[in-house]
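# Residue-level structural notes
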Amino acid sequence: MSKGKNKKRNASNNKTVSKKRIIRKKLIVALAAVAATVTATIIAVFIFSSGNKLTDALVNSAWAPSKAQNSSGDEVELAQVYNTEYTTYQGSLSFTDEGRFSLWMSPGDASDGSRTGTYTVENEIIKAVFDNGTQSEFRINSDENSIKSISVYYDDYEVLFSKQ
């Protein structure tokens, strides 16, 4: 009789051990799935937040022309670019969160010569599409995490816009 009881006990113990192993496996799989989800979320947040740093810096800053170069690379006065005698003339460049921009590069009032459109940022290039359909690219000049200037080609000049 004792042999029969031992067989029953061993069978019962095997079932218990087997159930515990299945529960452990399920727990390990569940924890691995949670860890993978958390890791994927962290990576996605990092990727999306790093891509928005340039856009955030564009939107949260006022941009004004700081210097200009002609097609030969020689520095020229901004008054020459604007074809005006105003030596302290300032244009402007601004960006919105909604993907719109405004570029003012002509003498007079901003409402007279402001050109607007939409933009997207890819790497360090601002792809601008003006409301009249003209397309242009503005180059972002940066170091590590901050934008130093934005290069805009205007007529035969490269105008650098810096933070005000």
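In short, a report on the structure. (Residues numbered from 1 in each chain as written. Predicted model: local features only at pLDDT ≥ 70, side-chain atom pairs only at ≥ 80, totals over all residues. Heavy atoms only, no water.)

## Side note on the overall build of the protein
Definition in use: By definition, any uninterrupted DSSP run of H or I lasting at least four residues is a helix, any uninterrupted run of E lasting at least two residues is a strand, and each is numbered from the N terminus. Remark: exposure states derive from per-residue accessible area (1.4 Å probe, protein chains only) relative to the maximum for the residue type, with buried under 20%, exposed over 50%, and partly exposed in between. Two residues qualify as a contact provided that any one of their heavy atoms is within 4.5 Å of a heavy atom in the partner residue.
Secondary structure summary: the protein contains three helices and nine strands in total. The buried share of the protein, taken over its 164 residues, is 28%. Long-range pairs, those at least 24 residues apart, make up 41% of the contacts in the protein with a sequence separation of at least 6.

## Description of a positive patch on the surface
Convention followed: Patch membership is restricted to residues that have no salt bridge and whose relative accessible area is over 30%. Joining uses 9 Å for like charges and 5 Å for the nonpolar side chains Val, Leu, Ile, Met, Phe, Trp and Tyr. Calculation of accessible area relied on Shrake-Rupley with a 1.4 Å probe; when residues are assessed, cover is drawn exclusively from the protein chains displayed. Between Lys or Arg on one side and Asp or Glu on the other, a salt bridge is scored when a side-chain nitrogen of the former is within 4 Å of a carboxyl oxygen of the latter. We treat Lys and Arg as the positive residues and Asp and Glu as the negative residues; His and chain ends play no part in the count. We put the charge of a Lys on NZ, of an Arg on CZ, of an Asp on CG and of a Glu on CD.
A surface patch of positive charge is lined by Lys-20, Arg-21, Arg-24 and Lys-25. Mapped onto the fold, Arg-21 is located in helix α1 (residues 2–59). Residue classification places Arg-21 among the exposed residues on the basis of a relative accessible area of 54%.

## Observations regarding a nonpolar patch on the surface
Together, Val-34, Val-38 and Ile-42 make up a nonpolar patch on the protein surface, roughly 270 Å² of accessible area in all. Note on placement: Ile-42 falls in helix α1. Of the residues examined, Ile-42 reaches a relative accessible area of 55% and is grouped as exposed.

## Re the packing of aromatic side chains
We count it as follows: Aromatic contacts are taken between Phe, Tyr and Trp rings whose centres are within 6.5 Å, Trp giving its six-membered ring; a plane angle under 30 degrees counts as stacked, one over 60 as edge-to-face, and the others as tilted.
All told, the structure shown has three aromatic pairs when counted by the stated rule. On the basis of an interplanar angle of 75 degrees and a centroid distance of 5.0 Å, the ring pair of Phe-95 and Tyr-119 is categorised as edge-to-face. Pair noted here: Phe-95 is in strand β3 (residues 92–95) and Tyr-119 is in strand β5 (residues 114–122), with a separation of 24 residues, a long-range link. The class of Tyr-119 is buried, set by a relative accessible area of 7%. With a centroid separation of 5.1 Å and 80 degrees between ring planes, the pair formed by Phe-101 and Phe-130 is classed as edge-to-face. Of this pair, Phe-101 sits in strand β4 (residues 100–104) while Phe-130 sits in strand β6 (residues 125–130); the two residues are 29 residues apart in sequence, bridging distant segments of the chain. Under the relative-accessibility criterion, Phe-101 is labelled buried at 3%. Through pairs of rings, three or more aromatic residues link up here, namely Phe-101, Phe-130 and Phe-138.

## With respect to unusual backbone geometry
In this structure, Asn-123 is a non-glycine residue whose phi angle is positive, near 55 degrees. In this structure, Asn-123 sits in the loop between β5 and β6. By relative accessible area, Asn-123 is classed as exposed at 72%. The backbone of Asp-155 sits at a positive phi, close to 55 degrees, despite the residue not being glycine. Positionally, Asp-155 belongs in the loop between β8 (146–154) and β9 (157–163). Taking the relative accessible area as the measure of exposure, Asp-155 reaches 63% and is therefore exposed.

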